[in-house]
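# Summary of structural features
Residues per chain, in single letters:
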Amino acid sequence: MKGMGKSMESQVHTSFLCFAAQFVAYFKYSNLGTIYRNQWCRNHGTAQRLAYSTDAGAGFISAFINLFMGSASAKWALMAPVFIPMFITLGYSPEFVQVAYRIGDSTTNIIAPMMSYFALIVAFVQQYDKKAGIGR
């Protein structure tokens, strides 16, 4: 029984990925995301303050995701399909969403642990301060 349990441990991850893929496929098939987004935008109107608060929210979400994901293009690929249609429904251009994304991303790049240039920045700082390093 221990051997069978041990062999099944590796299948848990595969089963979870299959379940997640099915959920995404059904979510896309049902169109619930689009329906919810359009309903939310209609209920909350297209007021200027709503657009700015939603824009600030998109920036904060971008900043939060930046702490876990180092690739800027992957973050944009994750956020764009959600936020661009939502802002278009509000009557704003995709560039408006891009501004929120870029502000949120750039403000947290220096503190992001997944930043790909972190080692390079430390190396440049060590040229001027030999004691510089991580955690000092």
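Scroll up a little and you will see the structure.
Computed from a predicted model, the values in this text were never measured in an experiment.

### A look at the overall build of the chain
Within the chain, the secondary structure is distributed over six helices and zero strands. In the chain, the order of α-helices and β-strands from amino to carboxyl end is α-α-α-α-α-α. Burial statistics for the chain: of 136 residues in total, 24% are counted as buried. Put simply, of all contacts in the chain between residues at least 6 apart along the chain, 59% involve residues at least 24 apart. If you sum the accessible surface of the chain, you get close to 10200 Å²; carbon and sulfur atoms cover 68% of it.

### Observations concerning the packing of aromatic side chains
A complete count under the given rule lists two aromatic pairs for this structure. On the numbers, 5.1 Å between centres and 70° between planes, the contact of Phe64 with Phe68 is edge-to-face. Note on Phe64: relative accessible area 51%, which makes it exposed. Their ring planes at 50° and their centres at 5.1 Å tell us that Trp76 and Tyr101 sit as a pair that is tilted.

### What to know about the nonpolar core
Core analysis: the largest hydrophobic core is formed by 14 residues, its most contacted members being Met79, Phe83, Phe87, Tyr92 and Val97. Every element with two or more residues in this core is listed here: helix H3 (48–66), helix H4 (72–90) and helix H5 (94–108). When residues in this core are grouped by element, the largest group, seven residues, is from H4. Residues contacting Met79, with those up to four places away along its chain left out, are Ala58, Ile61, Ser62, Ile65 and Tyr101.

Definitions and limits used
- Residues numbered from 1 in each chain as written.
- Predicted model: local features only at pLDDT ≥ 70, side-chain atom pairs only at ≥ 80, totals over all residues.
- Heavy atoms only, no water.
- Helix = DSSP H or I, 4+ residues; strand = E, 2+ residues; numbered from the N terminus.
- Buried < 20%, exposed > 50% of the residue type's maximum accessible area, 1.4 Å probe, protein only.
- Contact = heavy atoms within 4.5 Å.
- Areas by Shrake-Rupley, 256 points an atom, 1.4 Å probe, with all protein chains shown as cover.
- Phe/Tyr/Trp six-rings, centres within 6.5 Å; stacked < 30°, edge-to-face > 60°.
- Core = buried A, V, L, I, M, F, W, Y, C linked by side-chain atoms within 4.5 Å.

Read these as spatial facts, not as claims about activity.
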